Amino acid sequence: AGAQVVGVSVETPAALEAFINKNNVRHLLLSDHGRKMLPAYGALVTDKKSPIYRQGKRAYFILDRQGIVRWIKVQENPLDLLKPEEVLKALKGTGR
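Residues numbered from 1 in each chain as written. Predicted model: local features only at pLDDT ≥ 70, side-chain atom pairs only at ≥ 80, totals over all residues. Heavy atoms only, no water.

**What about a nonpolar patch on the surface?**
Quick reminder of the rule: By definition, no residue in a patch forms a salt bridge, and every one has over 30% relative accessible area; like charges are joined within 9 Å, nonpolar side chains (Val, Leu, Ile, Met, Phe, Trp, Tyr) within 5 Å. For the area figures, the Shrake-Rupley method with a 1.4 Å probe applies, and any residue is considered shielded solely by the protein chains shown. By salt bridge we mean one thing: a side-chain nitrogen of Lys or Arg within 4 Å of a carboxyl oxygen of Asp or Glu. Per the convention used, a helix needs a DSSP run of H or I reaching at least four residues, while a strand needs a run of E reaching at least two, with both numbered from the N terminus. Each residue is placed in one exposure class: buried if its accessible area under a 1.4 Å probe, protein chains only, is under 20% of its type's maximum, exposed if it is over 50%, and partly exposed if it falls in between.
Among the surface-exposed residues, Val6, Val8, Leu28 and Leu30 lie close enough to one another that they form a single nonpolar patch of about 290 Å² accessible area. Elements with a contribution of two residues or more to the nonpolar patch: β1 (6-9) and β2 (28-31). On the secondary structure map, valine 8 appears in strand β1. Residue classification places valine 8 among the partly exposed residues on the basis of a relative accessible area of 35%.

In structure tokens form, the structure reads like this:
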């Protein structure tokens, strides 16, 4: 589909590197340890009473080649994963 998978986490770059090495991750993982990108898209837990306060939510984004966000899906439950075919359908729906 001409797309690239990129993960974003609140973990430090060093923690992400260790995770990549341990789990043989093949896609790019980026750190938002400063928590700038995730809250801008509603993908950060902001409830101070939550045990996962300031942690990233599971979220899916589709950006076009110019970096414009064309589709977003933020999951409230981090255990809820989208099926690959759901992401591909969304990708096709954006015309990308």
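**Considerations on the environment of valine 10**
To keep things clear, this is the line we draw: Note on contacts: a residue pair is in contact if any heavy atoms of the two residues lie within 4.5 Å.
Assignment of secondary structure puts valine 10 in the loop between β1 and α1 (13-23). On the basis of relative accessible area, valine 10 is assigned to the buried category, the value being 5%. Counting along the chain gives 22 residues from valine 10 to aspartate 32, while the straight-line C-alpha distance between them is 4.8 Å. With residues near it in sequence (within four places) discarded, valine 10 still touches Asp32, His33, Arg35, Leu38, Leu44, Arg54, Gln55 and Gly56.

**Points about the packing of aromatic side chains**
Applied cut-off: Any two rings among Phe, Tyr and Trp, with Trp reduced to its six-membered ring, count as a pair given centres within 6.5 Å; such a pair is stacked if its planes are under 30 degrees apart, edge-to-face if over 60, and tilted if neither.
Inspection of every chain in the model, using the stated rule, returns one aromatic pair. With 5.4 Å between their ring centres and 75° between their planes, tyrosine 41 and phenylalanine 61 make a pair best called edge-to-face. One end of the pair, tyrosine 41, is in the loop between α2 (37-40) and β3 (58-63); the other, phenylalanine 61, is in strand β3, with 20 residues separating them in the sequence. Given the relative accessible area of 24%, phenylalanine 61 is considered partly exposed.

**Describing the side chain of arginine 35**
Spelled out, the test is: This count recognises Lys and Arg as positive and Asp and Glu as negative, with His and chain-terminal groups excluded. For the purposes of these results, a polar contact is taken to be a pair of N or O atoms within 3.5 Å, where, inside protein, one atom must be able to donate a hydrogen and its partner to accept one; residues adjacent in sequence count only when each atom of the pair is a side-chain atom.
With respect to the helices and strands, the residue arginine 35 is situated in the loop between β2 and α2. In this structure arginine 35 is buried but unpaired, with glutamate 11 as the nearest side chain of opposite charge at 6.7 Å. At 3.0 Å, the side chain of arginine 35 forms a polar contact with the backbone oxygen of histidine 33. Excluding residues within four positions of it along the chain, arginine 35 makes contact with Val10, Leu44, Arg54 and Gln55.

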